[in-house]
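Residue-level structural notes
Listed below are the residues making up each chain.
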Amino acid sequence: MFPNVDVEAGVVLTQRPGDASRWYLATQSGVVYSFANEADAVPSVFIDVTDKLATASEAGLLGLAFHPQFASNGYVYLSFTTPGAGAFTSRVARYHSDDDGLSLNPASETVIFDLTQPYTNHNGGDIHFGPDGFLYIGFGDGGSKEDPNGHGQNTDTLLGSMLRIDVDGASPYAIPADNPFAAGGGAPEIFAWGLRNPWRFSFDRETGDLWAGDVGQYDWEEVDRIRLGGNYGWNLKEGAHCFAVDPCDQPELIDPVAAYANPDDASVVGGYVYRGAAMPELIGSYLYTDFYLGTIWAVVEGGEPSVLLGSSGHAFGAFGEDLNGELYGVDYGGGIWRLDPNANAGVASDLPTSLRATGCVDADDPTQPPASALRYEINVPFWSDGADKSRWLHLAEGESITVEADGDWSLPPGSVAVKLFTLGDRPVETRLLVHHDDGRWAGYSYAWNEDGSDAQLLRDGEVRSFGAQQWLYPSRAECMSCHTRAAGISLGLETGQLQRDGQLEDLVARGGLGSVPVGDALPRLDGDAPLEDRARAYLHANCSHCHRAAGPSNTPGNYRYDRYLVDPAEIGVCGVPPVAGDLGVPGALIVAPGDPSSSVLSLRLHADDENRMPQLGSLIHDDAGIALIDAWITALVGCP
């Protein structure tokens, strides 16, 4: 929307009360920008508090709220982390604008609220004035993992809670009389509790309802309707599922309105209840996204969530709402985007329900590509529950593949990558990975008829039985959680995977590539390459789409294969403690040299529950692949 406002690390986008002429964009790095609500607007600094900040991956400037009477009092409130006791201090401070909203006076700071943070994560920090005129503040459980101090269920602490204070009733604030513990029994500032890390909350401008996204631990991200005196379960529950105790069916614990599984790394970002005019079918729906997956959902309380976009293509760290009720996404990497109805919905969303009708397969035999397609094979396939796979590629006329410096291949808009899965001689699924003309990527699954004559488009993920075997069809959101931006979206289309049997030369001859790219072949798992190379090739194909530099996983390890990484130390997992649980093995490491049974990497591959890796795309263990990884770990005599 505003090409000149290409600012990184945005966490708040808002307009001041009653004035649609300007926007205010707060960045985690400590600068708040102001700019006119015009396409060619150039931002100016509203206030810079970088010198006040204590910084960490989840710390910094985290919230901004205009006082409802800003026009008369000039007050603006900031929420940020600053040096202090513990890891640092979360602070809410008031500032004054001396020039009608063009800037804030740093010298006008009045500290309203300080809270000691024991760890450097789960800081929450969003702030908003509610329709009741009180200031609401969302704080996480204080950090580390699994809420080690039990803050979520401790109402004597302000951590893990939604707070509500009256900044006009006293100095620095008063307690609203109907707060749950205003008369004692808990911290009087608490409005609701049992939250892990509320990342962005908002009020429905029509009903006043408070909605929040609450970031999960390992398995579930959730959306909550926050009510006065509500207990949202953390850390007894994660989402609607037991976490620290089992059973966990205490009736006072409020389950989320919506939740979705964390495939490997996910982080819900709360949005707004839509009250605009551009998309009337969404009025009353709460919209939210995931920072890593990019999916945008809509949900109404009591209903099932619907996917509006399988992947937005952006790492939205926050939403904004203008005075007309239209919604905007703030890309953490830079850029502000407005959510509009899809004028090309018939192209981008409503693909033909019949695979034959897509034009991506041979019309006479839809198990085969048409003559114009580019067939290809890869050296190390992703494990797909024992299915055989055939692959081909369509490029728009006159277009060709771009080979990036790191060996990943970029497909131009209009491209479609096709993969056919067969069990025995029976086709079960065909997946299309489509680079739409608007630049958006999306994945689609077609399930085959029993007679093998055609396949039908699926709207959601599901599981079907084929004899004794169950087959998992991924949802569109799940497709894009594996086809990550960090991995180049297309995954198997990279020089190391396709360097085989003259295949690159053939692609050049057919116009798919401009020239033969240079690069070593990824070693095949059944070949004679050294054990370590084959093990790392397996990790590359099966894990590195998330576990790589700049990938969506926040756990240690870069599993991307590179011939220059010659020892496990450079992969970053040997001798390293896990950050997502030891799976019940005291002292476990991600890779414990010589001991697969103490290596979380191996334990997760062997697991049959929610701890299993990969979490998506498979229901059956890859016995040969697991044996390869275990053999590699067993052969390690130490960490370099």
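Right above here is the structure, for reference.
Below is a summary of the structure that appears in this document. (Residues numbered from 1 in each chain as written. Predicted model: local features only at pLDDT ≥ 70, side-chain atom pairs only at ≥ 80, totals over all residues. Heavy atoms only, no water.)

1. Remarks on the overall build of the protein chain
Of the regular secondary structure elements, the protein chain holds nine helices and 35 strands. The principal-axis extents of the C-alpha atoms in the protein chain amount to approximately 75 × 55 × 45 Å. The buried share among the 640 residues of the protein chain stands at 56%. Put simply, of all contacts in the protein chain between residues at least 6 apart along the chain, 53% involve residues at least 24 apart. When the accessible surface of the protein chain is summed, it comes to about 25,100 Å², and 49% of that surface belongs to carbon and sulfur atoms. (Helix = DSSP H or I, 4+ residues; strand = E, 2+ residues; numbered from the N terminus. Buried < 20%, exposed > 50% of the residue type's maximum accessible area, 1.4 Å probe, protein only. Contact = heavy atoms within 4.5 Å. Areas by Shrake-Rupley, 256 points an atom, 1.4 Å probe, with all protein chains shown as cover.)

2. Some remarks on unusual backbone geometry
Along the chain, Asp246 connects to Pro247 via a cis peptide bond; the corresponding omega equals 10 degrees. Structurally, Pro247 is set in the loop between strand S17 (241-242) and strand S18 (258-261). Pro614 follows Met613 through a cis peptide bond whose omega is -5 degrees. Tracing the backbone shows Pro614 in the loop between helix H8 (600-606) and helix H9 (623-635). Phi at Asp385 takes a positive value of approximately 55 degrees, unusual for a residue other than glycine. The topology assignment puts Asp385 in the loop between strand S26 (374-376) and strand S27 (388-394). Relative accessible area serves as the criterion here: at 5%, Asp385 is assigned to the buried category.

3. Let's talk about the sheet that holds strand S30 (residues 416-423)
Strands sit in the order S26-S27-S30-S31-S32-S33 across an open sheet of six strands; the sheet is antiparallel. Two strands lie at the open edges of the sheet, namely S26 and strand S33 (455-457), each paired on one side alone. The sheet shows a mean angle of 25 degrees between the axes of neighbouring strands, taken without regard to direction. Sheet analysis places S26 next to S27, joined by three bridges and oriented antiparallel. Pairing of Tyr376 across the sheet is with Arg391, part of S27. (Pairing = 2+ DSSP bridges. Axes fitted to C-alpha atoms, helices over the stretch in contact; angles between N-to-C directions.)

4. Quick notes on the pattern of salt bridges
Applying the stated criterion across every chain, the model contains 23 salt bridges. For Asp132, the salt bridge goes to Arg164, with nearest N and O atoms at 3.1 Å. Of this pair, Asp132 sits in the loop between strand S9 (127-129) and strand S10 (135-138) while Arg164 is found in strand S11 (residues 161-165), placing the two residues 32 residues apart along the sequence. Exposure remark for Arg164: the relative accessible area of 4% places this residue in the buried category. Taken together, the shared-partner salt bridges connect Asp209, Arg225, Arg227 and Glu301 into one network. (Salt bridge = Lys/Arg side-chain N within 4 Å of Asp/Glu carboxyl O.)

5. Quick look at the side chain of Arg275
Take Arg275: it is sitting in the loop between strand S19 (268-273) and strand S20 (286-290). Here Asp204 takes part through its side chain, which lies 2.8 Å from a polar atom of the side chain of Arg275. In contact with Arg275, other than residues within four places in its own chain, are Asp204, Arg205, Glu206, Thr207, Ile283, Gly284, Asn324 and Gly325. (Polar contact = N/O pair within 3.5 Å; in protein donor to acceptor, adjacent residues only side chain to side chain.)

6. A closer look at the packing of aromatic side chains
Scanning all chains against the criterion turns up 23 aromatic pairs. Consider the rings of Trp23 and Tyr328, whose centres lie 4.9 Å apart with planes at 65 degrees: the pair is edge-to-face. With Trp23 in strand S2 (residues 22-27) and Tyr328 in strand S24 (residues 327-331), this residue pair connects regions lying 305 residues apart in the sequence. Of the two residues, Trp23 and Tyr328, both sit in the buried class. Grouping aromatic residues by their ring pairs yields a cluster made of Trp211, Tyr260, Tyr286, Tyr288 and Trp297. Arg94 extends its terminal NZ or CZ atom over the ring of Tyr75, reaching a point 4.2 Å from the ring centre. In this structure, Arg464 is placed above the aromatic ring of Tyr473, and the distance from its NZ or CZ to the ring centre is 5.4 Å. (Phe/Tyr/Trp six-rings, centres within 6.5 Å; stacked < 30°, edge-to-face > 60°. Lys NZ or Arg CZ within 6 Å of the ring centre and 35° of its normal.)

7. What about helix H6 (residues 531-543)?
With 13 residues, H6 extends 18 Å from end C-alpha to end C-alpha; this agrees with the ideal 18 Å at 1.5 Å per step. The buried fraction of H6 is high, at eleven of 13 residues. All of the buried residues along H6 are Glu532, Arg534, Ala535, Arg536, Ala537, Tyr538, Leu539, His540, Ala541, Asn542 and Cys543. (Expected span 1.5 Å × (residues − 1).)

8. Structural notes on the state of the cysteines
A full pass over the atoms with the stated rule returns two disulfides. Between the sulfur of Cys242 and that of Cys248 lies a disulfide, 2.0 Å long from S to S. Taking the torsion about the S-S bond as the criterion, the Cys242 to Cys248 disulfide, at about -90 degrees, is left-handed. Look at Cys248 and you get buried, because its relative accessible area is 5%. A sulfur-sulfur distance of 1.9 Å marks the disulfide that ties Cys574 to Cys639. (Disulfide = S-S within 2.5 Å.)

9. Description of the pairing of strand S7 (residues 88-96)
Side-chain direction in a regular strand flips from residue to residue, so the side chains alternate between the two faces of the sheet. With seven of its nine residues buried, S7 lies for the most part within the structure. Here strand S6 (residues 75-82) pairs with S7 via eight bridges, running antiparallel. Along S7, the bridge assignment pairs Thr81 with Ser90. Joining the antiparallel neighbours S6 and S7 is a turn of five residues, in which Gly86 adopts a positive phi near 70 degrees. Direction of pairing for S7 relative to strand S8 (residues 105-117): antiparallel, over a ladder of eight bridges. Looking at the pairing, Phe88 lines up with Gln117 of S8.

10. Considering the side chain of Asp214
Tracing the backbone through its elements, the reader meets Asp214 in strand S14 (residues 210-214). Buried and unpaired, Asp214 has no salt bridge, with Arg196 as the nearest side chain of opposite charge at 6.6 Å. If we skip the residues at most four places from it in the chain, Asp214 touches Gly194, Leu195, Arg196, Asn197, Pro198, Glu221, Glu222, Asp224 and Val268. (Lys, Arg positive; Asp, Glu negative; His and termini not counted.)

11. Considering the nonpolar core
Most often, soluble globular proteins keep nonpolar side chains buried together rather than apart. One finds Val32, Phe46, Ile47, Leu64, Leu78, Tyr95 and Tyr288 to be the most contacted residues of the largest nonpolar core, which totals 36 residues. The next biggest cluster of nonpolar side chains, apart from the first, holds 20 residues, and it includes Ala65, Leu158, Leu163 and Phe181. (Core = buried A, V, L, I, M, F, W, Y, C linked by side-chain atoms within 4.5 Å.)

12. Quick look at a nonpolar patch on the surface
A surface patch of nonpolar side chains, amounting to about 220 Å² of accessible area, comprises Val463, Leu619 and Ile620. Tracing the sequence through the fold places Val463 in strand S34 (residues 462-466). (Patch = residues over 30% accessible without salt bridge, like charges linked within 9 Å, V, L, I, M, F, W, Y side chains within 5 Å.)

13. Re the sheet that holds S19
Read across the open sheet, the four strands follow the order S19-S20-S21-S22; overall the sheet is antiparallel. Only two strands of the sheet have a single partner each, and these edge strands are S19 and strand S22 (306-309). Between one strand axis and the next, the sheet turns through 30 degrees on average, direction left out of account.

14. Here's the deal with the environment of Gly407
Looking at where Gly407 falls in the secondary structure, it is placed in the loop between strand S28 (402-403) and strand S29 (409-410). Gly407 gets classed as buried once you look at its relative accessible area, which sits at 15%. Sequence-wise, Gly407 and Tyr292 are 115 residues apart; in three dimensions their C-alpha atoms are separated by 23 Å.

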